[in-house]
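Coordinate analysis (summary)
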Amino acid sequence: MRLTQFLLSRYFKRYVEREMTHRTLRRQWKPISGWKEAVKKNWHYEEHRPWTDAFRQDNQAGQWHPRVFVEPIKEWWIFKGDRVEVLTGKDKGKHGLINSIIKERNWVYVEGLNCEYTMRSQSPNIQPICMKSEKPLLVTTQVKLIDPSDNKPTDIEWRFTEKGNKVRVSVRTGRIIPLPSGAKELEDFVNPESYTECEKDTKDDEVKEVTFQPRLSTFEQDIMDAMGIKENRKPTKTYWY
Amino acid sequence: MFANNSFKVLFSRIVYDFLGNRSFASSSNLFGKKARSPYDKRFGIRPSDAGPLRPGGSKELASKLGRGPGMPQPVGIFDKTGKFHPIKEMIPEFVVPDLKDFKLKPYVSYRCTDISQSEFTAKDLFDATIAKDILDDYTDGKIDMKTAEKKIEALKSSVKN
């Protein structure tokens, strides 16, 4: 039974669920059936993360968005920090590094590419400033990984090495494409290898230390023995029929 | 009856009010949302009616009106006269052991690797605690009906007491 991974992943998911549902979904009182929990299934994902205010505004009650069809991807082959070629748009043929990924929409943002330029000014009198912002690209069709051997875009397959490691292999040349540092990043954007431990963190050896001693006593009895609590009162008679 | 001038005025006022655009209470109005705002007049003001999410309400006002969903339970009983009698057993008492030399901290570092453990079953507990004693007794020859009966009688007498 794997303990640490399970606990870590549920912790962040619970946080995200709480942030999404808090103040957006309120339970309703129904006269006969009682409190009815509001359950929302059609969440609408855009560039904003689920715990942001903008996401909450997008998903307010009464908001309608056209239905979005997303191709389900079982195993992601692209990670943050991967070098990638853009296949469509103005920046067709250009190479770039991946900034961020939005799995709910199969979107990928490439640094500095596929941008839109908007002129924004604080007031009508002030001269407008040109703002550059990246637009998302679809992982399945608009972006491809680059084969390091010939710097050209390829499709990849997941294969196993002799040692048993899972690697990405370019279908065209057979060259192994190494995983970037972003592949080890967890859901909450923390890279465990480069994580600096704080005061409130229990370390690996402390977690793995086994201090359990099997005893034939209940939890309450154990506490009483440990704390020196003595119970001399006799419980009153109870009856069950 | 109609001789009194003031009564005439009152009667005509009532009639004109009725004929004018005053709404009258019907069953369709009594169950709607508007009938319950600011509060349901049939029942009186509840703490939730003066809550922070209601118009004209606030957390402080709701707390003055009584116990709401986010407020703690009273730690005693209010008697008929309204006097409060605190009950010691209703105050929660946290039994916390001494945390000196306690290595576990509130959070687990991201660097910890996965732990895989088998389930600790009742059989494992038995093997760890009693199994050895039973085996020793059996090898020594202490396990027989007479000693077992004596033990059962001893247990019965202790339960009675």
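Residues numbered from 1 in each chain as written. Chains lettered and ligands numbered in written order. Predicted model: local features only at pLDDT ≥ 70, side-chain atom pairs only at ≥ 80, totals over all residues. Heavy atoms only, no water.

Examining the interface of chain B and chain A
Going by this rule: Any pair of residues with heavy atoms lying within 4.5 Å of one another is described as a contacting pair. Buried area is calculated as the accessible area (1.4 Å probe) missing from two parts once they are joined, with the contributions of both summed. A pairing counts as a salt bridge when a side-chain nitrogen of Lys or Arg comes within 4 Å of a carboxyl oxygen of Asp or Glu. We define a polar contact as two N or O atoms separated by no more than 3.5 Å, with the added condition that, inside protein, one atom must be a possible hydrogen donor and the other a possible acceptor, whereas residues neighbouring each other in sequence contribute only through side-chain atom pairs.
Listed by partner, the interface residues are 25 residues for chain B and 33 residues for chain A. Overall, the association of chain B and chain A removes approximately 2700 Å² of surface from exposure, summing both partners, and the carbon and sulfur fraction of that is 60%. Of all residues in chain B, Tyr110, Arg111 and Ile115 of chain B give up the largest surface area on contact with chain A, accounting jointly for 28% of the area buried on that side. The partner of Glu209 of chain A in a salt bridge is Lys103 of chain B, and the shortest N-O contact between them spans 3.3 Å. Our count for the contact surface shared by chain B and chain A stands at 9 residue pairs in polar contact (both at pLDDT 80 or more).

Some points on the packing of aromatic side chains
All names here are of chain A. Our working rule: Here a pair means two rings of Phe, Tyr or Trp (six-membered ring of Trp) with centres within 6.5 Å. Their orientation is stacked below 30 degrees between planes, edge-to-face above 60, and tilted elsewhere. The helix count covers DSSP runs of H or I at least four residues long, the strand count covers runs of E at least two residues long, and both are numbered beginning at the N terminus. Think of it in three bands: residues with accessible area under 20% of the maximum for their type are buried, residues over 50% are exposed, and the middle band is partly exposed, with areas taken using a 1.4 Å probe on protein chains only.
One pass over the full model with this rule turns up 11 aromatic pairs over all chains. Each ring, one from Phe79 and one from Trp158, has its centre 6.5 Å from the other, and the planes form 75 degrees; the classification is edge-to-face. Of this pair, Phe79 sits in the loop between α2 (53-58) and β3 (83-86) while Trp158 sits in strand β11 (residues 156-160), and the two are 79 residues apart along the sequence. Accessibility expressed as a relative area gives 23% for Trp158, which makes it partly exposed. Each residue in the set Phe12, Tyr15, Trp51 and Phe189 is aromatic and connected to the rest through ring pairs, giving one cluster.

Section: the sheet that holds strand β10 (residues 152-154) of chain A
Residues and elements named next belong to chain A. Going by this rule: DSSP bridges decide pairing: two strands pair if at least two such bridges lie between them.
With respect to topology, 6 strands assemble into an open sheet ordered β8-β5-β4-β3-β9-β10, the strand pairing being antiparallel. Every interior strand has two partners, whereas the edge strands, β8 (137-138) and β10, have only one. As defined by bridge partners, strand β9 (residues 143-147) adjoins β10 across 3 bridges and the pair is classed as antiparallel. Looking at the pairing, Ile146 lines up with Pro153 of β10.

Focus: the side chain of Glu206 of chain A
Inclusion rule: Residues scored as charged are limited to Lys and Arg (positive) and Asp and Glu (negative), so that His and the chain ends carry no count.
With respect to the helices and strands, the residue Glu206 of chain A is situated in helix α3 (residues 204-208). In this structure, Glu206 of chain A is buried with no salt-bridge partner, the nearest side chain bearing the opposite charge being Lys105 of chain B at 4.6 Å. When neighbours within four sequence positions are excluded, Glu206 of chain A is seen to be in contact with Lys103 and Leu104 of chain B.

Describing the packing of helix α4 (residues 122-129) of chain B against helix α5 (residues 131-140) of chain B
Residues and elements named next belong to chain B. For clarity, the threshold we go by: The axes are straight lines fitted to the C-alpha atoms, using for helices just the contacting stretch, and the angles between their N-to-C directions are given from 0 to 180°. Orientation is classified from the angle alone, with under 35 degrees giving roughly parallel, over 145 giving roughly antiparallel, 65 to 115 giving roughly perpendicular, and any other angle giving oblique. Basically, the charged four are Asp, Glu, Lys and Arg, the nonpolar ten are Ala, Val, Leu, Ile, Met, Phe, Trp, Tyr, Cys and Pro, and anything else, Gly included, counts as polar.
For the pair α4 and α5, interaxial distance at closest approach is 4 Å and the crossing angle is 55 degrees. The pairing of α4 with α5 is recorded here as oblique in orientation. Residues Phe126, Asp127 and Thr129 of α4 pack against Ala131, Asp133 and Ile134 of α5. In the contact of α4 with α5, the residues fall into 3 nonpolar, 1 polar and 2 charged.

Details of the nonpolar core
Considering soluble globular proteins, one finds that nonpolar side chains tend to be buried as a cluster. Residues and elements named next belong to chain A. So the rule is basically this: We call a set of buried Ala, Val, Leu, Ile, Met, Phe, Trp, Tyr and Cys residues a nonpolar core when their side-chain atoms join them within 4.5 Å.
Counting 16 residues, the largest nonpolar core has Ile78, Val84, Val108 and Val110 as its most contacted members. Those elements giving two or more residues to this core turn out to be β3, β4 (95-102), β5 (107-110) and β9. In contact with Ile78, other than residues within four places in its own chain, are Val84, Ile98, Ile101, Val108, Val139, Val143, Leu145 and Arg168. Membership of the second largest hydrophobic core comes to 6 residues, among which are Phe12, Met20, Trp43 and Phe55.

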